[in-house]
Amino acid sequence: MLGWELPPYNSGGLGVACYQLCKALSGQGVDIEFVLPYLADHEIDFMTITAAHPQDVSQVIRTGIAYDSYKYVLENGDETWLNIHDQQRLYEDAVARLAEEREFDIVHAHDWLTFRAALRLKALRNCPIVLHVHSVESDRAGSQHGNPAVREIEAIALQMADQIVAVSRHTKRAIMRDYGIPSDKIKVVHNSIDASRFAQLDSDNAYRYLSFMKQQGYGVVVNVGRLTIQKGLPNLLRAAQKVVAARPKTLLLIVGSGEQYYELIELAAELGISANVLFTDFQRGKRWRDAFAVGDLFVLPSVSEPFGLTPLEAIGYGTPALISKQSGVSEILNNCLKVDYWDIDEMANQIVGALNSPALRDELWRGSYEEYQHLSWSTAGQKINDIYGKQLTEMAA
Amino acid sequence: MRQAVALYLHVHQPYRIRHYTVFDSGTDHNYFDAAYEDRTSNEQILRKVVEKSYLPTNACLLKLLEENPEFRFSLSITGTIIEQLERWSPETLESFKRLTDTGRVEILGETYHHSLAFFYSRPEFETQVAMHAQKIQETFGQTPQVFRNTELAYNNDLAYWAEQAGYKGVLAEGWDPILGWRSPNYVYQPAYTDHIRLLMKNYRLSDDVAFRFGDHNWSEWPLTADKFAHWLSADGDATNINLFMDYETFGEHQWDDSGIFSFLENLPLEWMKTGGHGFMTLSEVIDAFEPVDRVDMPQTVTWADTERDLSAWLGNPMQATSINALYGLEEKIIGTGDWALIEDWRRLQTSDHFYYMCTKWFNDGDIHAYFSPYETPYEAHMNFMNVYRDLQFRLAEKGIEL
């Protein structure tokens, strides 16, 4: 398995999805070696984790998102920066060296950063490669064309793949649209959520101001995620302006970091809602959990979201969700509010509606929690396992 | 005396907001006391400025006063810096008192908290001016006669207010679009007033010292006292040359190794070498010379940036929403009668907080960035808004409807 990150060193949903999928597969008897571009202790015992990287890299400090440059601290204390393309080449070469001394039947690679390495292994060993697409470049570029160098890798790799896995129908359509791949080569395996993995909330919420203001009649809207173009946060702020006009006692909590951080802070000021919008920067652990819990409504306003795990996390922590129709998660979640990401008026309308109606929120959450409890990664693992079996049978034949 | 240099120095330090997050709102009401080693530690910054600027400058000025009976100057010193000196460096406050004890150092009136209250709330502004006058009386035994508004922010309304409040003079920037062909080196009268006088900063000569002194790329570098005295003499008809600048010019903006202290020590001697040249406090200038013309300034002019307006403090939406939100709480905060809460609210009015949020030329890392204890204007804004929300929290806790 070729991947770019695993918790707790993940920048977002990709690492979590890889972790959960591998755990399910391992439980179904698949022997996995997961190759990462960095060395770290993940405390994972159900599979082998290997760092692909050169010996002199003792520690990698992950800064920002998976699509940023990386800072390496070398053993002698020097720091060096590599951009994502250098990084990808390094990984590819290291994986190729690694393969010389490894036995494996199948290569399963997650997202474009590992695709060149997968192609290299196919060339070296003529093994089947399964490419798992968690997002395509046009998703990450917020429905724009994106980086041509990345598109090139995706185009070639997806053509060469023996099997493609997409995390949603949304993503499958994007692969067909952007790269002309035939439908029958792409299988949709929705991400899921593992309820048992959730740490319990304690009685004292970290957002004391918000908890207190809720008692004063304020409604709290929450978003958790990277502050990047595909997540559509400027539209949420514009909707929030209308919400605040209609319902002044509304607060919006934005948890995350990313290249739009300062832009969003400035936009909130321009819209005149700085007093109502709280930015916390990137959070983990209790502050991350409590952010979901403190909300009256979770909003996922993504412009283009291959899957979108956060609404499920919100539901797990007791908060109903409003999600954009342009998200993969909307394919599997019914008991939630849905809106087109561009329809700011309707987004504002639904937020106000939900904040003003405890009955609506309770009903939404109750229904969605039922759906949530039926979700399981083992179904996803089973589908992937079937794909492996089919590939190996074809190989043998 | 035929020609006087009116030297006026401004002493101020704000209460900088510590790194204050969403998680502090509603939990921790301490906004201003950072750990000593933090960039935002007011105590650390004060001690640094005391060592680099206040103590050596006071020593230099005291020597000048003691050795030259003709030498005199004016000073403005905010309530927030007096408090900080009382708390962390009383010996420095004593050294300021030794200056004023000579009877040849005049202290000006201003707002206690170095705020822009004049533009947001007249009652609050008047309270802060009264608080400052009382503090100056208690500390230095003087009653201010001449008024300077925060950042030298001035317009016709301010002059009218100052006249009604009984001041004999008020200060403004000698900005060319206002003065036109006229020179700042005379006494003026503000439009629509009867007897108050207007003194305008000669920004070219002032900034030669305050900004350009240590600049090796400046064609006039190095600036010596005799050269500068020669420039001061260039306008033979001038009555008063108004050199207005920050106190921290000496030792902080211009470091000791630039030669600024020997410049300060020698300038008065060089200037007074010529007969008819002397020094006056601002009140003395007003008493000595008749106004030559009226000056009409309907729009607000300040001493900052090339725009000379309030845009360094209020020019972007982050600044505007922050200050509007803050003054929006006035009635509720004052209504509590809770002095700790009121004082926190007043400390947040200090103009520096809004200056730190300035994004003009942020990318160039210029003077704005140099004076900010925050990495970015956005961080300054977020800290401020988190504190603002804590004020709301404290009000709501008292059962006040927001």
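Thresholds, definitions, all that
- Residues numbered from 1 in each chain as written.
- Chains lettered and ligands numbered in written order.
- Predicted model: local features only at pLDDT ≥ 70, side-chain atom pairs only at ≥ 80, totals over all residues.
- Helix = DSSP H or I, 4+ residues; strand = E, 2+ residues; numbered from the N terminus.
- Buried ≥ 20, exposed ≤ 12 C-beta atoms within 10 Å, placed from the backbone.
- Contact = placed C-beta atoms within 7 Å.
- Domains from an automatic or database assignment.
- Nonpolar A, V, L, I, M, F, W, Y, C, P; charged D, E, K, R; others polar.
- Axes fitted to C-alpha atoms, helices over the stretch in contact; angles between N-to-C directions.
- Parallel < 35°, antiparallel > 145°, perpendicular 65-115°, else oblique.
- Left-handed = near helix turned anticlockwise from the far one by under 90°.
- Pairing = 2+ DSSP bridges.
- Core = buried A, V, L, I, M, F, W, Y, C linked by C-beta atoms within 7 Å.
- Expected span 1.5 Å × (residues − 1).
- Bend = angle between axes of the 7 residues up to and from the residue.
- pLDDT = per-residue confidence, 0-100.
- Arc of directions from axis to C-beta.

Draft legend 1. Examining the overall build of chain A more closely. Each helix and strand counted, chain A has 14 helices and 15 strands in total. With 397 residues in all, chain A has 48% of them scored as buried. For chain A, contacts bridging at least 24 residues in sequence account for 65% of all contacts bridging at least 6.

Draft legend 2. Representation of the environment of A:Ser304 in the model. All names here are of chain A. Looking at where Ser304 falls in the secondary structure, it is placed in the loop between strand 13 (297-300) and helix 11 (310-316). When the C-alpha atoms of Ser304 and Gly180 are compared, they prove to be 19 Å apart, with 124 residues separating the residues in sequence. With near-sequence residues (within four places) excluded, Ser304 lies in contact with Ser138, Asp139, Gly142, Ser143, Gln230 and Gln326.

Draft legend 3. Examining the domain arrangement of chain A more closely. All names here are of chain A. Looking at the assigned domains, one finds that chain A contains domain 1 (13-192 + 377-396) and domain 2 (196-374). Here the C-alpha centroids of domain 1 and domain 2 sit 30 Å apart. Every contact between the two is made by 19 residues of domain 1 and, on the other side, 15 residues of domain 2.

Draft legend 4. Highlighting the domain arrangement of chain B. Residues and elements named next belong to chain B. Segmentation of chain B into domains returns domain 1 (3-295) and domain 2 (311-397). Between domain 1 and domain 2, the contact holds 28 residues from the first and 21 residues from the second. Tallied by class, residues from the side of domain 1 that touches domain 2 come to ten nonpolar, 13 polar and five charged.

Draft legend 5. Structural view of the packing of helix 2 (residues 84-99) of chain A against helix 3 (residues 115-125) of chain A. Residues and elements named next belong to chain A. Two numbers describe how helix 2 lies on helix 3: the axes approach to 8 Å, and their chain directions differ by 30 degrees. As far as their axial angle goes, helix 3 and helix 2 are roughly parallel. Relative to helix 3, the crossing made by helix 2 is right-handed. Taken together, the residues of helix 3 that come into contact with helix 2 (itself represented by Gln88, Tyr91, Glu92, Val95, Ala96 and Ala99) are Arg116, Ala117, Arg120, Leu121, Leu124 and Arg125. A per-class count over the contact of helix 2 with helix 3 returns seven nonpolar, one polar and four charged.

Draft legend 6. Seen up close, the pairing of strand 7 (residues 197-201) of chain B. Residues and elements named next belong to chain B. The buried count for strand 7 comes to five of five residues, which makes it a mostly enclosed element. Relative to strand 7, strand 5 (residues 169-173) runs parallel, the two being bridged by five bridges. Across the sheet, the residue bridging to Ala172 is Met200, located in strand 7.

Draft legend 7. Structural detail: the interface of chain B and chain A. With 20 residues of chain B at the interface, the matching set in chain A holds 18 residues. Counting only elements with at least two residues in the side of chain B that touches chain A, the list comes to helix 12 (317-328) and helix 17 (377-397) of chain B. Per element, the largest residue contribution to the side of chain B that touches chain A is eight residues, and it comes from helix 17 of chain B. Among the residues making up the side of chain B that touches chain A, the classes are represented as twelve nonpolar, seven polar and one charged.

Draft legend 8. Structural detail: the nonpolar core. Counting residues in each nonpolar core, the largest one holds 221 residues, and the members touching the most others are A:Ala118, A:Leu131, A:Leu253, A:Ile351, B:Ala6 and B:Val170. Here this core takes eleven residues from helix 17 of chain B, the largest share from any one element. With near-sequence residues (within four places) excluded, A:Ala118 lies in contact with A:Leu2, A:Val107, A:Ala109, A:Ile129, A:Leu131 and A:Ala157.

Draft legend 9. Main features of the sheet that holds strand 12 (residues 277-281) of chain A. Residues and elements named next belong to chain A. Pairing is parallel in the open sheet, where six strands are placed in the order 12-11-10-13-14-15. Bordering the open sheet on either side are strand 12 and strand 15 (337-339), each of which pairs with just one other strand. Across this sheet, the average inter-strand angle for adjacent strands is 20 degrees, counted without regard to direction. Sheet analysis places strand 10 (residues 219-224) next to strand 11 (residues 250-255), joined by six bridges and oriented parallel. From the neighbouring strand, Val222 faces strand 11, where its bridge partner is Leu253.

Draft legend 10. View of the sheet that holds strand 9 (residues 186-188) of chain A. Residue and element names in this part refer to chain A. Reading across the sheet, the four strands line up as 6-7-8-9 and stay open at both edges, with parallel pairing between neighbours. Here the strands that pair on one side only, and so sit at the sheet edges, are strand 6 (107-110) and strand 9. Averaged over neighbouring strand pairs, the angle between their axes works out to 25 degrees when direction is ignored. Where strand 7 (residues 129-133) meets strand 8 (residues 163-166), four bridges bridge the pair, whose relative direction is parallel. Across the sheet, residue Val130 finds its bridge partner in strand 8, namely Gln163. Relative to strand 8, helix 14 (residues 377-396) is tilted by about 175 degrees, and along the sheet it contacts strand 7, strand 8 and strand 9.

Draft legend 11. Spatial organisation of helix 9 (residues 260-272) of chain B. Residue and element names in this part refer to chain B. Taking 1.5 Å per residue, 13 residues should reach 18 Å; helix 9 reaches 19 Å between its end C-alpha atoms and fits that length. Considering bend angle alone, the principal kink of helix 9 is centred on Asn266 and spans about 35 degrees; proline Pro268 follows within four residues of it. Looking only at helix 9, the buried set comprises Ile260, Phe263, Leu264, Leu267, Pro268 and Trp271. In the core, the buried residues of helix 9 are packed alongside strand 1 (3-11), helix 1 (42-67), helix 8 (225-232) and strand 9 (277-279).

Draft legend 12. Molecular detail of unusual backbone geometry. Here B:Trp221 and B:Pro222 are connected by a cis peptide whose omega angle stands at -5 degrees. Non-glycine residue A:Asp111 carries a positive phi angle of around 65 degrees. With respect to the element layout, A:Asp111 can be found in the loop between strand 6 and helix 3. In this model, B:Asp305 sits at a positive phi of 60 degrees, which is unusual for a non-glycine residue.

Draft legend 13. Layout of the packing of helix 2 (residues 79-88) of chain B against helix 3 (residues 90-100) of chain B. Residues and elements named next belong to chain B. Running from N to C, helix 2 and helix 3 point in directions that differ by 125 degrees, and their axes come no closer than 6 Å. The angle between helix 2 and helix 3 places the two elements in the oblique class. Counting all contacts with helix 2, which are made through Ile82, Leu85 and Glu86, the residues of helix 3 involved are Pro90, Thr92 and Leu93. Looking at the contact of helix 2 with helix 3, its residues break down into four nonpolar, one polar and one charged.

Draft legend 14. Up close: the environment of B:Leu75. Residue and element names in this part refer to chain B. Here Leu75 shows up in strand 2 (residues 73-77). Judged by the 23 C-beta atoms lying within 10 Å of it, Leu75 is buried. With near-sequence residues (within four places) excluded, Leu75 lies in contact with Leu9, Val11, Val105 and Ile107.

Draft legend 15. Molecular detail of the confidence of the model for chain B. On average, residues of chain B carry a pLDDT of 95, and 98% of them reach 70 or more. The complex model carries a pTM of 0.86, and its ipTM stands at 0.83.

Draft legend 16. Broad picture of helix 5 (residues 148-160) of chain A. All names here are of chain A. Its 13 residues give helix 5 an end-to-end C-alpha distance of 18 Å, which sits within 8% of 18 Å, the value for a rise of 1.5 Å per residue. All buried positions along helix 5 are accounted for by Val150, Glu154, Ala157 and Leu158. One side of helix 5 carries all its buried residues, which in axial view fall inside an arc of 95 degrees. In helix 5, the exposed residues that point more than 90 degrees away from the buried face are Pro148, Ala149, Glu152 and Gln159. On its buried face, helix 5 is in contact with helix 3, strand 7, helix 4 (137-140), strand 8 and helix 6 (169-179).

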